[in-house]
Amino acid sequence: MIRNLVLSKVSSCRVLSRECVKFGCRSSTNSNGRRHQAHYNLNGRRFLCSGQPAPRVCVVGSGPAGFYTAQGLLKGNSQCTVDIIDKLPVPFGLVRFGVAPDHPEVKNVINQFTSTLAADNQRCSFLGNVEVGKHISLQDLFHAYDIVVLSYGAEADRTLSIPGEDLQGVYSARSFVGWYNGLPQDSDLNPDLSGETAVVIGQGNVALDLARILITPTSILKQTDITQHALDALNKSQLKKVHLIGRRGPLQVAFSIKELREMTKLPGCRAELNPSDFEGLQEKIPELPRSRKRLTELMINSALEPPSVMSQDLSGKTWTLTFQRSPVEILPCPKDASRVGGIRLAINKIQVINGKEEAVPTGETEDISCSMVLRSVGYKSLCLDSEVPFDEQRGVIKHIDGRVNGVRGRYYFIQYFCPWVFTRLGGD
């Protein structure tokens, strides 16, 4: 039924022949026997058929990439029409379900996207609850539209691939973020917050988001748009300490200074950073880029700050950055072997390999007791259709300059890197 509704909406849109949109734009006759006199392609050339509607575009995915793509197309061609489809019932993807609830300023872009739908409602439409590969196929979309843009993002997790990862109390960052942001598929996650210590694997912005939400006073969180079920659970939480684990050193952390500054200013919380982790970095600071320099200086100042200067309203909640460690095993709880009881970390050293600083195991390990492990080591995309050439190992669509080769028809893959998405979608 959903497939029929989508196809009926665009049943009259396909007026151009396949040959007409090939790069090179040679003149040809369309399905109605009319002659094409000018063309437009994704390299910016004009594509206009005398007396005929402009191309119809389908954007799969209603996150930032999808809306920015739609905005560019609508602005670049005054006659272009765009349909944005998504498997969720509501639009905005990562902005709605990925941004931390205490970052409302980042979510303001939703107003811009809403304006796109409102201002161009004759040229831009949103169709929710439509899952490509289930309700409708890519071939269906190809026959209904002139161009199909795949911008559905990364909805699968990268795993640690270590023993114990299937224990109760191990959660992915994607699921945990979806839980406190109201993503329907994660509403029943019910994370166990009864222990005192949590470990976050990763030192990127998402990792700091997880740590911050776990230890921020609920009196602050209730002023945000966090879900009620998450707020109720966090209000009963017994967590007092969060370890953020990174495989490399302070100079390689992936979080921004804004995220770190927020952590240092959390009321009732304090940082426990080891000053020895920053020895020798003062001499390197002048050589660093400005953003990395400021970030390193803030970490050093936080590590050396005397306790007397810290917040006097301590609730016992602390957070720490643990460097040069890699998880090798998640340990079961002695009282319940099905649950998390700790994590074993390999101790690394930094070596320059092929001109790049890499983490190399020393052969030594250390254990940290904990009741929760959150992995924030990145995400990967899933293949929508067997026709699309897909790199299963990397979790990306194979493409050359945005064009998907080896597919019958005109499929394009466009990806934008938003501020909250890392270039490699990694955690540290």
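Preceding block: the structure.
Residues numbered from 1 in each chain as written. Predicted model: local features only at pLDDT ≥ 70, side-chain atom pairs only at ≥ 80, totals over all residues. Heavy atoms only, no water.

*Asks:* Honestly, the pairing of strand β7 (residues 197–201) in this entry has me stumped. Any pointers?
*Replies:* In regular strands, side chains alternate between the two faces of the sheet. Counted residue by residue, β7 has 5 buried out of 5 residues, so it is predominantly covered. Here β7 shows two buried faces, one formed by Thr197, Val199 and Ile201 and the other by Ala198 and Val200. The pairing of β7 with strand β14 (residues 372–375) spans 4 bridges and is parallel. Opposite Ile201, over in β14, you have Arg375 as the bridge partner. (Buried < 20%, exposed > 50% of the residue type's maximum accessible area, 1.4 Å probe, protein only. Helix = DSSP H or I, 4+ residues; strand = E, 2+ residues; numbered from the N terminus. Pairing = 2+ DSSP bridges.)

*Asks:* Is there a simple way to think about unusual backbone geometry in this case?
*Replies:* Among all residues except glycine, the phi angle is most often negative; among peptide bonds, the trans geometry is most common. At Phe92, a position not held by glycine, the phi torsion is positive, near 90 degrees. Along the polypeptide, Phe92 turns up in the loop between β2 (81–85) and α3 (93–97). With phi around 55 degrees, Ser161 is a residue other than glycine that occupies positive phi space. Position of Ser161 among the secondary structure elements: in the loop between β5 (156–157) and β6 (170–172). In this structure Ser161 comes out as exposed when scored by relative accessible area, which is 63%.

*Asks:* Mind showing me how you'd approach helix α2 (residues 64–76) here?
*Replies:* One turn of the α-helix equals 3.6 residues, which is why residues spaced by three or four share an orientation. Across its 13 residues, α2 extends 18 Å between first and last C-alpha, which sits within 8% of the 18 Å expected from 1.5 Å per residue. Each element contacted by the buried residues of α2 is listed here: β1 (56–60), β2, α3, α5 (109–119), β3 (124–127) and β4 (147–150). (Expected span 1.5 Å × (residues − 1). Contact = heavy atoms within 4.5 Å.)

*Asks:* Is there a simple way to explain the packing of helix α7 (residues 173–181) against helix α8 (residues 205–215) in this structure?
*Replies:* To describe two helices that pack against each other, one gives the angle between their axes and the distance between the axes. Between α7 and α8, the least distance of the axes is 11 Å, while the angle of their chain directions is 45 degrees. As judged from the angle between their axes, α7 and α8 are oblique. When you trace α7 past α8, the crossing you get is left-handed. For the pair formed by α7 and α8, the contact residues are Ala173, Phe176, Val177 and Tyr180 on the first element and Val206, Asp209, Leu210, Ile213 and Leu214 on the second. The class makeup of the residues in the contact of α7 with α8 is 8 nonpolar, no polar and 1 charged. (Axes fitted to C-alpha atoms, helices over the stretch in contact; angles between N-to-C directions. Parallel < 35°, antiparallel > 145°, perpendicular 65-115°, else oblique. Left-handed = near helix turned anticlockwise from the far one by under 90°. Nonpolar A, V, L, I, M, F, W, Y, C, P; charged D, E, K, R; others polar.)

*Asks:* I tried to follow the nonpolar core on my own but got confused; where do I start?
*Replies:* Here is a general trend for soluble globular proteins: nonpolar side chains tend to be buried in one another's company. In terms of nonpolar packing, the biggest core is built from 50 residues, with Tyr180, Leu214, Met299 and Trp319 touching the most fellow members. Ranked by residue count, the leading element in this core is α8, at 8 residues. Once residues lying within four places of it in the same chain are set aside, the contact partners of Leu214 are Phe176, Leu193, Ala198, Leu234, Leu239, Val242, Lys317, Met372 and Leu374. (Core = buried A, V, L, I, M, F, W, Y, C linked by side-chain atoms within 4.5 Å.)

*Asks:* Whenever I open this one, the packing of helix α11 (residues 257–264) against helix α12 (residues 290–304) confuses me. Can you help?
*Replies:* α12 packs onto α11 with a crossing angle of 20 degrees between their chain directions and a minimal axis gap of 10 Å. In terms of their interaxial angle, α11 and α12 are classed as roughly parallel. For the pair α11 and α12, the crossing hand works out as left-handed. Residues Ile257, Leu260, Arg261 and Thr264 of α11 lie in contact with α12, whose contacting residues are Arg294, Leu295, Leu298, Met299 and Ser302. Its residues assigned to classes, the contact of α11 with α12 shows 5 nonpolar, 2 polar and 2 charged.

*Asks:* Please clarify how the sheet that holds β6 should be interpreted in this entry.
*Replies:* One open sheet holds the 6 strands; their spatial order is β6-β14-β7-β8-β10-β9, and the pairing between them is parallel. Edge positions in the open sheet fall to β6 and β9 (269–271), since each of these has one partner strand only. Each neighbouring strand pair of the sheet contributes to a mean axis angle of 20 degrees, computed without reference to strand direction. Relative to β14, β6 runs parallel, the two being bridged by 3 bridges. Bridge pairing in β14 links Val170 to Val373.

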